[in-house]
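# Inside the fold
Residues per chain are reported as follows:
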Amino acid sequence: MDEVDRVIAQRLSTGVPLVAEVSRYIISAGGKRLRPALLLLMSRALGYEGTQHHNLAAVVEFIHTATLLHDDVVDDSTLRRGRPTANESFGNPASVLVGDFLYSRAFQMMLDAHDMRVMEILADATNVIAEGEVLQLMNMHDPGLDEAAYLRVIRSKTAKLFEASTRLAAVLAKAPPELEEACATYGQALGTAFQVIDDVLDYAGDAHETGKNLGDDLREGKTTLPLILAMKRGTAQERELIRGAIETGDSAQLQHIVEIVKKTGALDATRAAAASEAQRAIDALRALPANKHAEGLLQLAAQLTERRA
């Protein structure tokens, strides 16, 4: 990871001071670096001994960071990882344009791999992520969203870059097709579980630990799994209260809605859904050779549902 950070710092070099300032601001915000870590772990688990995984880990972090910059503008977010978002600090135009810079720099860096398959995976992932963003925008303030539509969004918007990270590792290691698919399945399942737990924390987390405002999803009109299940399990009156809050983005009843989500068992059911995805990730690891890196991937999936930030 130290080497990945070195690559990130080197490739952020630009003659435009504002680009460098905004890029460093968001990248130095103390993120989990989970996607790069997955790529590194999976590469080594498969016996890869080169150095290109450092470059590609930086690429996926740049793509992820670009999506964060654009996300925060679209969602009008003010807080991320416990400090003001880039759009709050530098304004929306700078955030959007620096996000574009990070995307284009990532595509420049892809060329270093000299592998069309690598470019295909990353180009496809970036496109699917953009589709997921648009799908989420279309679903805003729609209380009629069902579980299938919810999953489609998070598998596009969040899980796709996890999947790309682990698939890239298999490509670097020249793994056979069936092993590449197992790696991709692990990434997709882990990314899905990660986002489902993130949606739980919006109603059950601690703002000091999560680094974001609780109830942000409701304020933005996002119909996430805790709300979908609470509406399905609650009384007609509770259902109407949640529907109205989603439609208007009104968080005045947030505390009451949190109580409904907990009382109906929707939070526990959402955690169970995340645990099921985490188990799917663990099952996919059976195709990998046994070593300390594969064990790290296993522990990551096993502990994911317990995360608090």
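Here we summarise the structure given alongside this text. The structure presented is a predicted model; accordingly, all values stated were derived computationally and were not measured.

Below, the discussion takes up the overall build of the chain. Within the chain one finds 17 helices and two strands. Taken along the three principal axes of its C-alpha coordinates, the chain extends 60 × 50 × 30 Å. Relative to its 309 residues, the chain shows a buried fraction of 55%. Accessible surface computed for the chain: about 13400 Å², of which carbon and sulfur atoms make up 52%. Measuring between centres, the 33 positive side-chain charges of the chain sit 3 Å from its 43 negative side-chain charges.

This part is about the packing of helix 10 (residues 177-204) against helix 16 (residues 266-284). Axis separation between helix 10 and helix 16 bottoms out at 8 Å; the angle between their running directions is 160°. Overall, the two elements helix 10 and helix 16 adopt an arrangement that is roughly antiparallel. In this structure, the crossing between helix 10 and helix 16 has a hand that is left-handed.

Attention shifts here to helix 2 (residues 17-27). Listing the buried residues of helix 2 in full gives Val19, Ala20, Val22, Ser23, Tyr25, Ile26 and Ile27. On its buried side, helix 2 packs onto helix 1 (2-11), helix 4 (52-75), strand 1 (79-80), strand 2 (83-84), helix 5 (86-90) and helix 6 (92-110).

Turning to helix 1, its buried residues number three or more, namely Val4, Val7 and Ile8. The arc that holds the buried residues of helix 1, viewed along the axis, is 100°, so those residues lie on one side. The elements touched by buried residues of helix 1 are helix 2, helix 3 (34-45), helix 4 and helix 6.

Attention shifts here to the nonpolar core. As a rule of thumb, soluble globular proteins bury nonpolar side chains together. Formed by 40 residues in total, the largest nonpolar core has its most connected members in Leu56, Val59, Phe62, Ile63, Leu122 and Leu168. For this core, the elements supplying multiple residues, two or more each, are helix 1, helix 2, helix 3, helix 4, helix 6, helix 7 (116-139) and helix 9 (159-172). If we ignore the near neighbours within four places in the chain, the residues touching Phe62 are Ile8, Arg11, Leu12, Ile27, Leu102, Arg105, Ala106 and Met109. Grouped together as the second largest cluster of nonpolar side chains are 27 residues, Tyr203, Met231, Leu254 and Ala266 included.

The next point concerns the side chain of Arg167. Its place among the elements puts Arg167 in helix 9. Accessibility expressed as a relative area gives 12% for Arg167, which makes it buried. Ignoring any residue separated from it by four or fewer positions in sequence, one finds Arg167 in contact with Arg117, Ile121, Glu180, Glu181 and Ala184.

Attention now moves to the packing of aromatic side chains. Following the criterion strictly, the structure yields two aromatic pairs and no others. Seen in terms of ring centroids, Tyr25 and Phe90 are 5.3 Å apart; in terms of plane orientation they differ by 80°. Their pairing is edge-to-face. Taken together, the residues span a long stretch of sequence, with Tyr25 in helix 2 and Phe90 in helix 5 at a distance of 65 residues. A centroid spacing of 5.5 Å and a plane angle of 45° characterise the contact between Phe162 and Phe194, whose relative ring orientation is tilted.

Applying the stated criterion across every chain, the model contains 22 salt bridges. Of the charged contacts in the structure, one is a salt bridge between Lys222 and Asp75, with a shortest N-O distance of 3.2 Å. One end of the pair, Lys222, is in the loop between helix 12 (216-219) and helix 13 (225-233); the other, Asp75, is in helix 4, with 147 residues separating them in the sequence. Accessibility expressed as a relative area gives 12% for Lys222, which makes it buried. Overall, Asp75 belongs to the buried group, its relative accessible area being 14%. With a shortest N-O distance of 2.8 Å, Lys232 and Glu147 are connected by a salt bridge. Taken together, the residues Lys232 in helix 13 and Glu147 in helix 8 (residues 147-157) connect sequence positions 85 residues apart. Note on Lys232: relative accessible area 57%, which makes it exposed. Classification of Glu147 as partly exposed rests on a relative accessible area of 32%.

Turning our attention to the packing of helix 13 against helix 16. Two elements in contact, helix 13 and helix 16, have axes whose closest approach is 8 Å; the angle formed by their N-to-C orientations is 130°. Here helix 13 is positioned oblique relative to helix 16, judged by the angle of their axes. Crossing of helix 13 over helix 16 shows right-handed handedness. Touching Leu225, Pro226, Leu229, Ala230 and Arg233 of helix 13 are Ala266, Leu267, Ala269, Thr270 and Ala273, all from helix 16. A class-by-class count of the residues in the contact of helix 13 with helix 16 yields eight nonpolar, one polar and one charged.

With the exception of glycine, most residues fall at negative phi, and the peptide bonds are largely trans. We note that Asp76 has phi near 55°; this positive angle belongs to a residue other than glycine. Following the sequence through the fold, Asp76 ends up in the loop between helix 4 and strand 1. Of the residues examined, Asp76 reaches a relative accessible area of 57% and is grouped as exposed. A positive phi angle, close to 60°, is found at His141, a residue other than glycine.

What counts and what doesn't
- Residues numbered from 1 in each chain as written.
- Predicted model: local features only at pLDDT ≥ 70, side-chain atom pairs only at ≥ 80, totals over all residues.
- Heavy atoms only, no water.
- Helix = DSSP H or I, 4+ residues; strand = E, 2+ residues; numbered from the N terminus.
- Buried < 20%, exposed > 50% of the residue type's maximum accessible area, 1.4 Å probe, protein only.
- Areas by Shrake-Rupley, 256 points an atom, 1.4 Å probe, with all protein chains shown as cover.
- Lys, Arg positive; Asp, Glu negative; His and termini not counted.
- Charge placed at Lys NZ, Arg CZ, Asp CG, Glu CD.
- Axes fitted to C-alpha atoms, helices over the stretch in contact; angles between N-to-C directions.
- Parallel < 35°, antiparallel > 145°, perpendicular 65-115°, else oblique.
- Left-handed = near helix turned anticlockwise from the far one by under 90°.
- Contact = heavy atoms within 4.5 Å.
- Arc of directions from axis to C-beta.
- Core = buried A, V, L, I, M, F, W, Y, C linked by side-chain atoms within 4.5 Å.
- Phe/Tyr/Trp six-rings, centres within 6.5 Å; stacked < 30°, edge-to-face > 60°.
- Salt bridge = Lys/Arg side-chain N within 4 Å of Asp/Glu carboxyl O.
- Nonpolar A, V, L, I, M, F, W, Y, C, P; charged D, E, K, R; others polar.

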